[in-house]
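Architecture and fold: a report
What follows is the residue order along each chain.
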Protein chains: 2
Amino acid sequence: MENRLRNEELKKRIMEASEAAKFFKKGMTVGTSGFTPAGYPKAVPLAIAERKENGEDLELTIITGASVGDELDGALARSGVLKRRYPYQTNKDSRNGINDSKIEYADMHLSHTPQWVKYGFFGNIDIALVEAVAIREDGGIIPSTSVGNSNVFIEKADKVIVEINTSQPLSLEGIHDIYSPKNPPNREPIPITQTEEKIGTGYIPCDLEKIVAIVITDKKDRTRPVAPIDDTSKKISGNLINFLKKEVEENRLPKDLLPLQSGVGSVANAVLGGLVDSDFENLKIYSEVIQDSALDLLDSGKVVFASGTSLTVSPDRLDDFYQNFNKYRDKVILRPQEISNNPEVIRRLGIIAMNTAIEVDIYGNVNSTNIMGSRMMNGIGGSGDFTRNAYLSIFTTESIAKNGDISSIVPMVSHHDHTEHDVHVIVTEQGVADLRGLSPRERAKVIIENCAHPDYKEKLHEYYNEAFDTCKHKHTPHCIEKSLSWHAKFLKEGSMK
Amino acid sequence: MENRLRNEELKKRIMEASEAAKFFKKGMTVGTSGFTPAGYPKAVPLAIAERKENGEDLELTIITGASVGDELDGALARSGVLKRRYPYQTNKDSRNGINDSKIEYADMHLSHTPQWVKYGFFGNIDIALVEAVAIREDGGIIPSTSVGNSNVFIEKADKVIVEINTSQPLSLEGIHDIYSPKNPPNREPIPITQTEEKIGTGYIPCDLEKIVAIVITDKKDRTRPVAPIDDTSKKISGNLINFLKKEVEENRLPKDLLPLQSGVGSVANAVLGGLVDSDFENLKIYSEVIQDSALDLLDSGKVVFASGTSLTVSPDRLDDFYQNFNKYRDKVILRPQEISNNPEVIRRLGIIAMNTAIEVDIYGNVNSTNIMGSRMMNGIGGSGDFTRNAYLSIFTTESIAKNGDISSIVPMVSHHDHTEHDVHVIVTEQGVADLRGLSPRERAKVIIENCAHPDYKEKLHEYYNEAFDTCKHKHTPHCIEKSLSWHAKFLKEGSMK
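Residues numbered from 1 in each chain as written. Chains lettered and ligands numbered in written order. Predicted model: local features only at pLDDT ≥ 70, side-chain atom pairs only at ≥ 80, totals over all residues. Heavy atoms only, no water.

As annotated in an unreviewed UniProt entry, chain A carries the name Acetyl-CoA hydrolase/transferase family protein and is attributed to Senegalia massiliensis.

As for the overall build of chain A
The condition that has to hold: Helix and strand assignments come from DSSP, with helices taken as H or I runs of at least 4 residues and strands as E runs of at least 2, each series counted from the N terminus. The globule rule used here is 2.2 Å times the number of residues to the 0.38 power, and the radius of gyration it is set against is calculated over C-alpha atoms. Working definition: with a 1.4 Å probe on protein chains only, accessible area under 20% of the residue-type maximum means buried, over 50% means exposed, and in between means partly exposed. Accessible areas in this description were obtained via Shrake-Rupley with a 1.4 Å probe; residue shielding takes into account the shown protein chains only. His is not counted, nor are the chain ends, whereas Lys and Arg count as positive and Asp and Glu as negative. Every charge is mapped onto a representative atom, which is NZ of Lys, CZ of Arg, CG of Asp or CD of Glu.
In terms of helices and strands, chain A carries 17 helices and 25 strands. Computed over its C-alpha atoms, the radius of gyration of chain A comes to 23 Å, within 12% of the 23 Å expected for a compact globule of 497 residues. Along the first, second and third principal axes, the C-alpha set of chain A runs to 75 × 50 × 45 Å. Counting across all 497 residues of chain A, residues that qualify as buried make up 66%. In the structure as shown, chain A presents an accessible area of about 16,100 Å², 45% of it carried by carbon and sulfur atoms. Each charge class in chain A can be summarised by its mean position, and for the 60 positive and 71 negative side chains these summaries are 2 Å apart.

Details of the packing of aromatic side chains
Keep this limit in mind: Each aromatic pair joins two rings of Phe, Tyr and Trp (for Trp, the six-membered one) with centres within 6.5 Å, and gets the label stacked for planes under 30 degrees apart, edge-to-face for over 60, and tilted for any other angle. Only when the NZ atom of a Lys or the CZ atom of an Arg is both within 6 Å of the ring centre and within 35 degrees of the ring normal do we say a charge sits over the ring.
Scanning the model with the defined rule gives 22 aromatic pairs over all chains in all. Between Tyr-119 of chain A and Phe-121 of chain A, the aromatic rings sit 5.4 Å apart at their centres with planes inclined by 65 degrees, giving edge-to-face as the arrangement. Of the two residues examined, Tyr-119 of chain A and Phe-121 of chain A, each falls in the buried class. On the basis of an interplanar angle of 50 degrees and a centroid distance of 5.6 Å, the ring pair of Trp-116 of chain B and Phe-122 of chain B is categorised as tilted. Take Trp-116 of chain B and Phe-122 of chain B: they sit in the same class, and that class is buried. A network of ring pairs unites the aromatic residues Tyr-86, Trp-116, Tyr-119, Phe-121 and Phe-122 of chain A together with Tyr-391 of chain B as a single cluster. The ring of Tyr-40 of chain B carries Lys-42 of chain B above its face, with NZ or CZ at 4.2 Å from the centroid.

Here's the deal with the relation of the copies chain B and chain A
Heads up, the condition is: What sets the superposition is a least-squares fit of C-alpha atoms, and only residues with pLDDT of at least 70 in both copies go into it.
Rotating chain B by 180 degrees about the axis while translating it 0.0 Å along that axis superimposes it on chain A, leaving an RMSD of 0.0 Å. Both chain copies can therefore be described as sitting about a two-fold axis. Among all C-alpha atoms of chain B, that of Glu-344 of chain B lies closest to the rotation axis, at 2.1 Å.

Details of the side chain of Ser-262 of chain A
Applied cut-off: We call two residues contacting when some pair of their heavy atoms lies within 4.5 Å.
Counting through the fold element by element, Ser-262 of chain A comes out in strand S9 (residues 260-262). Every residue in contact with Ser-262 of chain A, bar those within four places of it in the chain, is listed here: Ala-268, Leu-272, Ser-287 and Met-354 of chain A.

Observations concerning the domain arrangement of chain A
Residue and element names in this part refer to chain A. Applied cut-off: Segment limits for the domains were obtained from an automatic or database-derived domain assignment. Summed over both partners, the accessible area lost on bringing two parts together, with a 1.4 Å probe, is the buried area. The salt bridge definition used is simple: a Lys or Arg side-chain nitrogen within 4 Å of an Asp or Glu carboxyl oxygen.
According to the domain assignment, chain A consists of domain 1 (8-217) and domain 2 (231-493). A straight line from the C-alpha centre of domain 1 to that of domain 2 covers 29 Å. The interface is formed by 53 residues belonging to domain 1 together with 45 residues belonging to domain 2. Of the roughly 3,800 Å² buried at the junction of domain 1 and domain 2 (both faces included), carbon and sulfur atoms supply 56%. Its largest share of buried area at the contact with domain 2, domain 1 owes to His-109, Ile-175 and Thr-195, together 18% of the area lost on that side. Seen at the junction of domain 1 and domain 2, the total is three salt bridges.

Considering the environment of Asn-54 of chain B
For Asn-54 of chain B, the position within the fold is in the loop between helix H3 (43-53) and strand S2 (60-63). Taking C-alpha positions, Asn-54 of chain B is 52 Å from Leu-240 of chain B, a pair spaced 186 residues apart along the chain.

A few points about the pattern of salt bridges
All names here are of chain A. For the structure on display, the rule yields 78 salt bridges over all chains. Here Arg-222 and Glu-71 are joined by a salt bridge, their closest N and O atoms 3.5 Å apart. Of this pair, Arg-222 sits in the loop between strand S8 (211-217) and helix H8 (231-249) while Glu-71 sits in helix H4 (residues 70-79), and the two are 151 residues apart along the sequence. Look at Arg-222 and you get partly exposed, because its relative accessible area is 48%.

Brief notes about the sheet that holds strand S23 (residues 409-410) of chain A
Residues and elements named next belong to chain A. Selection rule: For two strands to count as paired, DSSP must find a minimum of two bridges between them.
Spatial strand order, S17-S16-S23: three strands in an open sheet with mixed pairing. In the strand order of this sheet, the two ends are held by strand S17 (366-367) and S23, each with one partner. For strand S16 (residues 359-361) and S17, the ladder comprises two bridges, and the chain directions are antiparallel. Looking at the pairing, Val-360 lines up with Val-366 of S17.

Thoughts on the interface of chain B and chain A
At the interface, 81 residues of chain B touch 81 residues of chain A. The junction of chain B with chain A conceals about 6,900 Å² of combined surface from both sides, 53% of it contributed by carbon and sulfur atoms. Looking only at chain B, the three residues that lose the most surface to chain A are Arg-347, His-421 and Ile-480 of chain B, adding up to 11% of its buried area. Run the count over chain B and chain A and you get eight salt bridges. Notably, a salt bridge pairs Arg-388 of chain A with Asp-422 of chain B, separated by 2.6 Å at the nearest N-O pair. Counting residues per element, the ones that place at least two in the side of chain B that touches chain A are strand S3 (82-86), helix H5 (92-99), strand S4 (104-105), helix H6 (112-119), helix H13 (343-349), strand S19 (375-376), helix H15 (440-451) and helix H17 (485-493) of chain B.

Re helix H5 (residues 92-99) of chain A
What counts here: Two N or O atoms form a polar contact when they lie within 3.5 Å of each other; inside protein one atom must be a possible hydrogen donor and the other a possible acceptor, and for residues adjacent in sequence the pair counts only when both atoms belong to side chains.
Counting buried positions along H5 of chain A gives six out of eight residues, so the element sits mostly inside the fold. Listed as buried for H5 of chain A are Asp-93, Ser-94, Arg-95, Gly-97, Ile-98 and Asn-99 of chain A. Each element contacted by the buried residues of H5 of chain A is listed here: H4, strand S3 (82-86), strand S4 (104-105) and strand S19 (375-376) of chain A together with H15 of chain B. Residue Asn-91 of chain A occupies the N-cap position of H5 of chain A, its side-chain oxygen lying 2.8 Å from the main-chain nitrogen of Asp-93 of chain A. Downstream of H5 of chain A by one or two residues, Ser-101 of chain A has phi in the positive range, about 70 degrees.

Things to note about the UniProt feature "domain: Acetyl-CoA hydrolase/transferase N-terminal" (unreviewed entry) in chain A
Stated formally: UniProt positions are given in the numbering used here, feature names are shortened, and annotations may be inferred rather than shown by experiment.
With numbering aligned to this structure, UniProt lists the feature "domain: Acetyl-CoA hydrolase/transferase N-terminal" (unreviewed entry) at residues 6-215 of chain A. When the span residues 6-215 of chain A is considered, its composition is 25% helix and 19% strand, and the gap between its end C-alpha atoms is 14 Å.

Some remarks on the packing of helix H9 (residues 266-273) of chain A against helix H10 (residues 292-300) of chain A
Residue and element names in this part refer to chain A. Filter applied, for reference: Structural elements are reduced to axes, namely lines fitted to C-alpha atoms, with helices fitted over the stretch in contact, and the angle between N-to-C directions of any two is expressed from 0 to 180 degrees. Should an angle fall under 35 degrees it is called roughly parallel, over 145 degrees roughly antiparallel, and 65 to 115 degrees roughly perpendicular, with every other angle called oblique. Two helices cross in a left-handed way if the nearer one is turned anticlockwise from the farther one by less than a right angle. They cross in a right-handed way if the turn is clockwise. Three categories are distinguished: nonpolar for Ala, Val, Leu, Ile, Met, Phe, Trp, Tyr, Cys and Pro, charged for Asp, Glu, Lys and Arg, and polar for the others, with Gly belonging to the last.
Two elements in contact, H9 and H10, have axes separated by 8 Å at closest approach and are oriented at 15 degrees. Compared by their axis directions, H9 and H10 come out roughly parallel. Handedness of the H9/H10 crossing: right-handed. Touching Asn-269, Leu-272 and Gly-273 of H9 are Asp-292, Ser-293, Ala-294 and Leu-297, all from H10. Looking at the contact of H9 with H10, its residues break down into three nonpolar, three polar and one charged.

As for a nonpolar patch on the surface
Residues and elements named next belong to chain A. Note the following rule: A patch is a set of surface residues, each over 30% in relative accessible area and not in a salt bridge, joined within 9 Å for like charges and within 5 Å for the nonpolar side chains Val, Leu, Ile, Met, Phe, Trp and Tyr.
A surface patch of nonpolar side chains, amounting to about 230 Å² of accessible area, comprises Met-1, Ile-14 and Ile-216. By the secondary structure assignment, Ile-14 is in the loop between helix H1 (8-11) and helix H2 (17-20). Note on Ile-14: relative accessible area 33%, which makes it partly exposed.

Some remarks on the confidence of the model for chain A
Detailed reading of the predicted model is not advised wherever pLDDT is low. Quick reminder of the rule: Summary of the metric used: pLDDT quantifies the predictor's per-residue confidence within the range 0 to 100.
Across chain A, pLDDT averages 97, with 100% of residues at or above 70. Model confidence for the complex: the whole-complex pTM is 0.98, and ipTM, which rates the interface, is 0.97.

Some details on helix H16 (residues 454-470) of chain B
Residues and elements named next belong to chain B. Convention followed: Here the expected length of a helix is defined as 1.5 Å per residue gap, with one fewer gap than residues. The arc in question is the one spanned by the directions pointing from the helix axis to the C-beta atoms.
Here H16 spans 25 Å end to end across 17 residues, near enough to the 24 Å set by a 1.5 Å rise per residue. When we look at burial in H16, the residues that qualify are Tyr-456, Leu-460, Tyr-463, Tyr-464 and Ala-467. Down the axis of H16, the buried set is contained in an arc of 95 degrees. They therefore lie on one face. Those residues of H16 that are exposed and angled more than 90 degrees off the buried face are Pro-454, Glu-458, Asp-469 and Thr-470. Residues of H16 that are buried in the fold lie against strand S21 (400-401), strand S22 (406-407), strand S23 (409-410), H15 and H17.

As for the pairing of strand S1 (residues 29-32) of chain B
All names here are of chain B. Quick reminder of the rule: Looking down the strands as they point away from the viewer, one classifies a crossover as right-handed if the path from the first strand across the helix to the second runs clockwise.
What you see with S1 is no split at all: Thr-29 and Gly-31 on one side and Val-30 and Thr-32 on the other are buried throughout. When S1 meets S2, the two strands line up parallel, connected through three bridges. Looking across to S2, one finds that Gly-31 is bridged to Ile-63. Taking the sense of rotation as the criterion, the β-α-β connection linking S1, H3 and S2 turns out right-handed. Here S1 pairs with strand S5 (residues 127-135) via three bridges, running parallel. By the bridge assignment, Gly-31 is partnered in S5 with Ala-128.

Set out below in structure tokens:
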């Protein structure tokens, strides 16, 4: 514990999670660590849920980095503590609460959240609840497997509660790079010009007096397994890699590409994983989440450096990762999400953004969040931060879902997260649609022809042709009353066919 | 002419517009100056149109800064020369050509266009055709009333043709600040930290050999009159100013606000104009277009500095503006649109973005481009560049259009340009909806209650309530088959009522 808690005075503030939980009062706004199920607080949220289950009247607004583990979102949703949630989530019970109208959820760009905290748009932050591997003598907090918004919560909160997690290796110390831009009108350029550049401190500065409780825990990050890479994902990955090769051949990309960003989850993991067998060398990753495939790419030497805001390793390889973390130490940086997702840095570095879509329409609009227009899946996450500022913005999706009852290519998406103005390339297992420079009419043809599933191609052509023939104004041909009829059909009949 | 053309050798390349027009061949891609009807080439485009009208086979792709005057978009659209157009337009004939499927138009974020030229995404740029007030001895080109993308076209084009426009005052020399970021991976921070900072040269560097033709003209910018400020606009402006006052009172904005961006056109002009009578002082403008109201604000001393990429003054006051330009010289900068619209600079300065919407939906999505989903109006312009990176993003619209047959607040917008993730505040003549931190269900109530026209309020509540009651998943309640029925009704019956 000497190594983990380096200030004598602070040792007096060590307490049980159940004690620390008493700082939380009804109506408070709490900012927590965590970005993906990595580096989120675990012991105190469980103790808070228990208080509620024991009959206490307790409701909280929770702001995180992004998604977190079940001990936080799950336990607080099930117990009814969670009343309001920003800016992202992936937990089954919180999702159900949101879709059942029990939890108010605003789905935000992840680069906006830290600014809003600093601008005061969320009101006062009562408590920052963060996981750490250690606290320095000066109060500086050393995060664990993610940074997310921990630094801004600690900066702005009235009180700080720290969970020191002894399951997280102390060797994580040194991989964080904490930098917090000032608010306008005093903001200065963020001085990153290369993926591997460090510009800040290895810890989050914190006034000693603000730390009101320290809880010691050894609960591991409850990460999610990634699905084995299937044939469809391999085809998507192959199509994407061929597209990148062509861009290099035609001198629109350098030989070693530009820094890669990849969305989170099994498909994204598979897409990135495909690079292990490619001819590309000296790649860099500038992304949010460093997941399994990024580690494989570091292992294989294909990727020479990875910058992110969290390290999420699937349960199978977590122990091995903890034990052998030293081999990654010099090749990895974790930054605050205000930096990992910052438009300034993303546009400067010229990121290749690769994100997954729920559905795409024939004009290139993308739905990333609401199934059938109404049902929140997870959230937009960082996909907008990267897409809008990318050198190249690429969306991947399987061309069908639900065993073919849903076409992922539709006449009009039922919810818009990325507009036609931001989507450069669409990749499915069927092929690639390069939309750059195409008018909506031209895009429709390329998307249907190259990306749609054979079962839906004709129907999509029919929709487009009818729209073109009947529309008086043909810039974006639509039969407006039929544009969402495929979704209505699915909701009624269980199939778009 | 000594002052206008300062290199002896170049004088030999002076020619008639009809001669210069012969450089243009079928299939070429041409980049021109111009951003709003300001600083665009006039004599050569008219000569090109004439060639086509005389029976020559001539088709061109035209890339500009933004909209341009009738001599360019109008003449080339009417003559059939214009086959493909990027990234924005406002001309009646080009708009008709686009909606009639005769011209292919891709509607782009204005900050993306210069990057795409430099990345090679548009292919080769055959000719840069730019208006200038003068050419320096070293070939450096001094733009006139706009910069737009002139600098990147001149940098990348095979040939450069310059129209020296003697109607544009030479006193414009010195107000331009030309800076062109390198391509990734060698891009560096853009060193602007204040609205008034200059970081580049007062001219566009150009190899002497690239200049193949110089045409002397005195055709004035054919700017558009702005509509007189009506009661509705005054109410919108008043509501917006009261909102800003409240933000200052609650310490979410500094007393002298943050740099203002304002969209183009009569409503935007009126909204900005309202600040003349407000209590705000020491304001700055960091925008695209410096139009009439910005000059009024400079005259009144309310605004101390204005940075943009074009100066568009209505026809009435254009002569006066030319004659008295000296009084504005030290208070105005014109930058390339790669800088005026750059996410990096916009987020750093903390811009207050104020743009106009065609329609807004109950969840906060905004349509800025396609009327009834299909009919291109103008384009997204810079509204996305600013909105997404703004400190505060505000959209204004009158609550009804077409004498009340259209509600500007609808269940679902028929085209999405700005998503729920990016729209902070909506202002109509009815009131203000502050959407920050609200879930979709909460947003719907505030938007309907505060912003909708009384004639449509009940109908909107009905839609929302039915959607909430019938939707199984209620994050974003929609009756998917009815969500665009208001538009379908208007198209069929001529009214949403």
